[in-house]
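Residue strings, one per chain:
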Amino acid sequence: QLLGTGVAPGASVTGPMAEVVAQSLQHLTPADLGAMAAYLKSLPGAAPREREPAPRPEEQVLQEGARLYGQHCAACHGERGEGLGPYPALAGNRALTLEEPVNAIRVVLNGGFPPGTAGNPRPYGMPPFSHVLDDAQAAILISYLRASWAMRRRRCRARR
């Protein structure tokens, strides 16, 4: 579904991958998309690296991050990061769970726009906040997002 439409439960493609889906992948047959997905799922994952968990941000950073979230994000992503309507949940969101925060940084600063496809003709996007937030505010917001919701997915997996 993700390869053919650009969206799937809990995921959407943005940036260069959105262009790939819009200009190419959406035109493949379901069988070809299924074969691609099966192949990609068969590839071995990277070996987990041992690392220390990131330190939890200071309480002042979390409070300011919560304020920024309430001001700029909660109307679409929900008070608890649950996602509202077509807007994705942030709790357990892949961009927040990755070890490196680069995807979260890019989406906050540049926005995120899934492609318009036959299977997703009216995509919802996220506007960029680079003109609204300065670098310090963006760092505080992203730290808050990662501290608040990145670990939920990992904890859920560990309990299974």
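Only a predicted model underlies this, so the values are computations on that prediction, with no experimental measurement involved.

Definitions and cut-offs
- Residues numbered from 1 in each chain as written.
- Predicted model: local features only at pLDDT ≥ 70, side-chain atom pairs only at ≥ 80, totals over all residues.
- Heavy atoms only, no water.
- Helix = DSSP H or I, 4+ residues; strand = E, 2+ residues; numbered from the N terminus.
- Polar contact = N/O pair within 3.5 Å; in protein donor to acceptor, adjacent residues only side chain to side chain.
- Contact = heavy atoms within 4.5 Å.
- pLDDT = per-residue confidence, 0-100.
- Core = buried A, V, L, I, M, F, W, Y, C linked by side-chain atoms within 4.5 Å.
- Buried < 20%, exposed > 50% of the residue type's maximum accessible area, 1.4 Å probe, protein only.

Draft legend 1. Summary view of the side chain of Thr5. As for its position among the elements, Thr5 is in helix α1 (residues 2-5). A polar atom in the side chain of Thr5 sits 2.8 Å from the backbone oxygen of Gln1. Excluding anything up to four places from it in sequence, Thr5 contacts Val21, Pro115, Thr117, Gly119 and Asn120.

Draft legend 2. Representation of the confidence of the model for the protein chain in the model. The predicted model of the protein chain has a mean per-residue pLDDT of 88, with 90% of residues at 70 or higher. Counting contacts from residues 152-160, a segment whose pLDDT is below 50, to residues more than four positions away or on other chains yields eleven contacts.

Draft legend 3. Fine view of the nonpolar core. Ranked by internal contacts, the top residues of the largest apolar core, which has 19 residues, are Tyr69, Leu96, Val108, Leu133, Leu141, Leu145 and Trp149. Secondary structure elements with two or more residues in this core: α4 (59-72), α7 (102-110) and α8 (135-159). Per-element accounting of this core gives the leading share, seven residues, to α8. What Leu141 contacts, discounting residues up to four positions off in sequence, is Gly65, Leu68, Tyr69, Cys73, Val108 and Leu133. One finds Leu3, Val13, Val21 and Leu25 within the second-largest nonpolar core, a separate group that totals six residues.

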